[in-house]
Amino acid sequence: MTHPVHTRIDGTLVMIGFGSIGRGTLPLILRHIQLDRSQFTVIEPSDEFAHILAEHGIAHLPLALTADNYASVLRGLFPNGRGFVVNLSVDVDSVELMLLCQELGVQYIDTVVEPWPGFYFGSPLPNADRTNYPLREKVRALGKQFVGGPTAVSCCGANPGMVSWLFKEALLKLAADTGVAADPKTQADWAQLAMTLGVKGVHVAERDTQISAKPKPQGVFVNTWSVDGLLSEGYQPAELGWGTHEKKLPPLGHRFKDGPGYAIWIDRPGADTRVRSWCPDVGPQFGYVVTHNESLSIPDYYTVWDGDRALYRPTCHYAYHPCNDAILSLHEVNGAGQLPEKKHILTVDEIVSGGDDLGVFLYGHAKGAMWYGSRLSIDEARALAPYQNATGMQVTSAVLAAMVWVAENPNAGFVESDEMDHARCLEVQRPYLGRIECHYTDWTPLQNRINRFAEDRDEDDPWQFTNFLAV
Ligand code: NAD
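Throughout this document, residue positions are counted from 1 along each chain, in the order its sequence is written. This being a predicted model, a pLDDT of at least 70 is required before a residue's local features are given, and a value of 80 or more before pairs of side-chain atoms are given or counted; all residues contribute to the totals for chains, interfaces and linings. No hydrogens and no water enter the side-chain calculation; it runs on all heavy atoms of the structure.

Colleague: What's the story with the sheet that holds strand S5 (residues 59–61) in this structure? I'm lost.
Modeller: Backbone-to-backbone hydrogen bonds pair the strands of a sheet. The strands run either parallel or antiparallel. Sheet architecture is open: 7 strands sit in the order S5-S4-S2-S6-S7-S8-S24, paired in parallel fashion. Whereas interior strands pair on both sides, the edge strands pair on one side only; in this sheet they are S5 and strand S24 (414–415). Pairing between strands requires that DSSP locate at least two bridges from one strand to the other. Labels follow the DSSP assignment, with helices taken as runs of H or I lasting at least four residues and strands as runs of E lasting at least two, numbered in each case from the N terminus. With 3 bridges joining them, strand S4 (residues 40–43) and S5 adopt parallel strand pairing. Paired with Val42 across the two strands is His60, which belongs to S5. Contacts are residue-level and defined by heavy atoms, with any inter-residue pair within 4.5 Å sufficient. Note on geometry: axes are lines fitted to C-alpha atoms, helical ones only across the stretch in contact, with angles between N-to-C directions running from 0 to 180 degrees. On top of the sheet, helix H1 (residues 20–32) reaches strand S2 (12–16) and S4; it is set at about 160° to S2, its chief contact.

The following block contains the structure:
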């Protein structure tokens, strides 16, 4: 099969981290981006998968980046300031890397704003400061400082990342289906469109149904992507973009004291905060409000301002149902109150069935609710590219799309997925997303109860966060 070459990267390409996402991204880069393999280096402390790099003729630098060595290591790899850094690691500070890349004059992309170790666990910081809000605000402040600098894409995988592109496509579809004229060009146009359509909120609604033939051993944390990544974000406080239609804060909910105030946080771990949500495979389901950058960037991007008053803003948060083994793993960890010692990421060979439905669930508009997203099975993922399961493929193909966009827009400064050309990115990514489907539903979070128990219900507006939150 031949694959379209979308762009080229001149100079050095450095990938940091060769975990589940790094391994899956590698074949997509080699397929779709023209580059000189002798200038491609992967920095990865483990040599478990070094044979894959050797097979493809890619250099492996077997070390862990730290606060002490990252600058000298990267300076050594970019002697003449041309090239690209793809950060797919854990425990390497994204902000420090972004700053260094500006100095070196090289393009940069990551999939989360990652701090050095010590932020996620055992931190002396108060909970409000352990959220993603201050991390994102730091990156946004840098963006104002480096306007027109080498492009640095923050937080672009599947989510955060692709879901921002799908949200735009979903808004256009909803506009077409409800007879609303739409030709948004600017951020303000997009925000206005969401307001005109009456979208009160959006879940990033995901259901991972991938299963292994082998039952999960007790005490082993099993997931379909980074266990460290899920634990890190899952034990930050739950966090969500806070819509202008919301009437009251949830129990233990807090506003942020500083900054533009597009989000709130809840003094509970996201991995133990459930909401009622909806996905096409199963219909109504529970999802976890695990904090994510898109829960912040989307409400910020889609705010309509009247002077300094927010006239419109959608509520936005992740409603994540990970694979069954991860649900059971979280249950064990929440019960034990301790991080697991043993961790395992299910490989494409172990998974026997299932897939990943990952989309945006827009609610409160003229058609009630709509799920729009990618439905990718393990069999489709297996046939599309090596080294990855369905969850990974949605992420790695978004990384590829973002890399292509960056190569085509090398001096855009700091950007998030909401600010990229969603049509171009999805054009590159679409062949790897299985079926992109749109489902309307008349479901609301007030429906379906097995017996009635006391709960905080708002019967006047089904789309209040109060009704979604399961306490
Ligand atoms: P993983 O745990 O499989 O791999 C992480 C890799 O980073 C490991 O191979 C590890 O050895 C390496 N690493 C650890 N410390 C390092 C250091 N100091 N220097 C260099 N490398 C180091 O994780 P993954 O599933 O590949 O995910 C990678 C990153 O992508 C994580 O931060 C994760 O949260 C993020 N992610 C984002 C999305 C998204 O949609 N935005 C989705 C999945 C994963």
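Colleague: Would you mind going over the packing of helix H12 (residues 390–408) against helix H13 (residues 422–429) with me for this structure?
Modeller: Packed helices, taken two at a time, are described by their axes: the angle between them and the distance between them. Orientation of H12 relative to H13, taken along the N-to-C sense of each, is 130°, at an axis distance of 8 Å. The angle between H12 and H13 falls in the class oblique. Pair H12 / H13 crosses with right-handed handedness. Contact residues: H12 offers Gln394, Ser397, Ala398, Leu400, Ala401, Val404, Trp405 and Glu408, while H13 offers Arg424, Cys425, Val428 and Gln429. Lys, Arg, Asp and Glu make up the charged group, whereas Ala, Val, Leu, Ile, Met, Phe, Trp, Tyr, Cys and Pro make up the nonpolar group; the residues left over, Gly among them, are polar. For the contact of H12 with H13, the class distribution of residues is 7 nonpolar, 3 polar and 2 charged. Any angle that is under 35 degrees is reported as roughly parallel, and any over 145 degrees as roughly antiparallel; angles of 65 to 115 degrees are reported as roughly perpendicular and all others as oblique. Each crossing is labelled by how the near helix is turned from the far one, with a counterclockwise turn of less than a right angle marking it left-handed and a clockwise turn marking it right-handed.

Colleague: Can you help me understand the pairing of strand S15 (residues 274–279) in this one?
Modeller: Three labels apply to residues, based on accessible area from a 1.4 Å probe with only protein chains included: buried if under 20% of the type maximum, exposed if over 50%, partly exposed otherwise in between. With respect to burial, S15 is a largely interior element, 5 of its 6 residues being buried. Here 6 bridges tie S15 to strand S16 (residues 283–288), and the two strands are oriented antiparallel to one another. Each residue of the ladder has a partner; that of Cys279, found in S16, is Gly283. Connecting the antiparallel pair S15 and S16 is a turn made up of 3 residues.

Colleague: Explain the site of the ligand to me, please; I cannot follow it from the model alone.
Modeller: Residues in contact with the ligand amount to 25 residues; listed here are only the nearest, Ser20, Ile21, Glu44, Leu65 and Ala158. Ile21 places a main-chain nitrogen or oxygen 2.8 Å from an oxygen atom of the ligand. About the coverage of the ligand: the protein hides 89% of its 840 Å² of free accessible area. Residues that form the shell around the ligand fall into these classes: 15 nonpolar, 9 polar and 1 charged. A domain-level breakdown of the shell around the ligand finds at least three residues from each of domain 1 (7–153) and domain 2 (162–394 + 433–468). Proximity criterion: a residue is near a molecule or strand once any of its heavy atoms comes within 4 Å of it. Definition of a polar contact: a pair of N or O atoms within 3.5 Å, with one able to donate and the other able to accept a hydrogen when the atoms are protein atoms, and with sequence-neighbouring residues admitted only if both atoms are side-chain atoms. Computed with the Shrake-Rupley method and a 1.4 Å probe, the accessible areas treat only the protein chains shown as cover for residues. Domain start and stop positions are those given by an automatic or database domain assignment.

Colleague: Hey, could you run me through the pattern of salt bridges in this one?
Modeller: Opposite charge on two side chains permits them to pair, given that their charged atoms come into close proximity. In what follows, salt bridge is the name for a side-chain nitrogen of Lys or Arg lying within 4 Å of a carboxyl oxygen of Asp or Glu. Tallied over the full model, the rule gives 28 salt bridges. The salt bridge involving Asp177 is made with Lys173; its shortest N-O contact spans 3.0 Å. Of this pair, Asp177 and Lys173 both sit in helix H6 (residues 162–177), 4 residues apart, which is roughly one turn of that helix. Note on Asp177: relative accessible area 34%, which makes it partly exposed. Judged by its relative accessible area of 31%, Lys173 falls in the partly exposed class. Between Arg375 and Glu437 there is a salt bridge, with the nearest N and O atoms lying 3.0 Å from each other.

Colleague: What exactly am I supposed to notice about the domain arrangement of the protein here?
Modeller: By convention, interface size is frequently given as the accessible area that disappears when the constituent parts associate. Per the domain assignment, the segments of the protein are domain 1 (7–153) and domain 2 (162–394 + 433–468). One C-alpha centre belongs to domain 1, the other to domain 2, and the line joining them spans 26 Å. Every contact between the two is made by 23 residues of domain 1 and, on the other side, 33 residues of domain 2. Joining two parts hides part of their accessible area as seen by a 1.4 Å probe, and the buried area is that hidden amount summed over both. Where domain 1 abuts domain 2, roughly 2300 Å² becomes buried across the two surfaces, and 58% of that area is made up of carbon and sulfur atoms.

Colleague: It is not clear to me how the side chain of Thr131 should be interpreted in this structure. Could you clarify?
Modeller: Among the secondary structure elements, Thr131 is positioned in the loop between strand S7 (107–110) and helix H5 (132–145). Of the residues examined, Thr131 reaches a relative accessible area of 0% and is grouped as buried. A polar side-chain atom of Thr131 sits 2.7 Å from the main-chain carbonyl oxygen of Ala128. Not counting chain neighbours up to four residues away, the residues in contact with Thr131 comprise Phe119, Gln236, Pro237, Glu239, Phe256 and Trp265.

Colleague: Would you take a moment to explain the state of the cysteines for this structure?
Modeller: Working definition: the covalent bond between the sulfur atoms of two cysteines is a disulfide. Disulfides are defined as pairs of cysteine sulfur atoms found within 2.5 Å of each other. In the structure shown here, the tally under the stated rule is 0 disulfides. Looking at the unpaired Cys101, the closest cysteine sulfur is the one in Cys155, lying at 15 Å. Relative accessible area serves as the criterion here: at 2%, Cys101 is assigned to the buried category. Cys323 takes part in no disulfide bond, and the closest cysteine sulfur to it belongs to Cys279, at a distance of 14 Å. For Cys323, a relative accessible area of 0% corresponds to the buried category.

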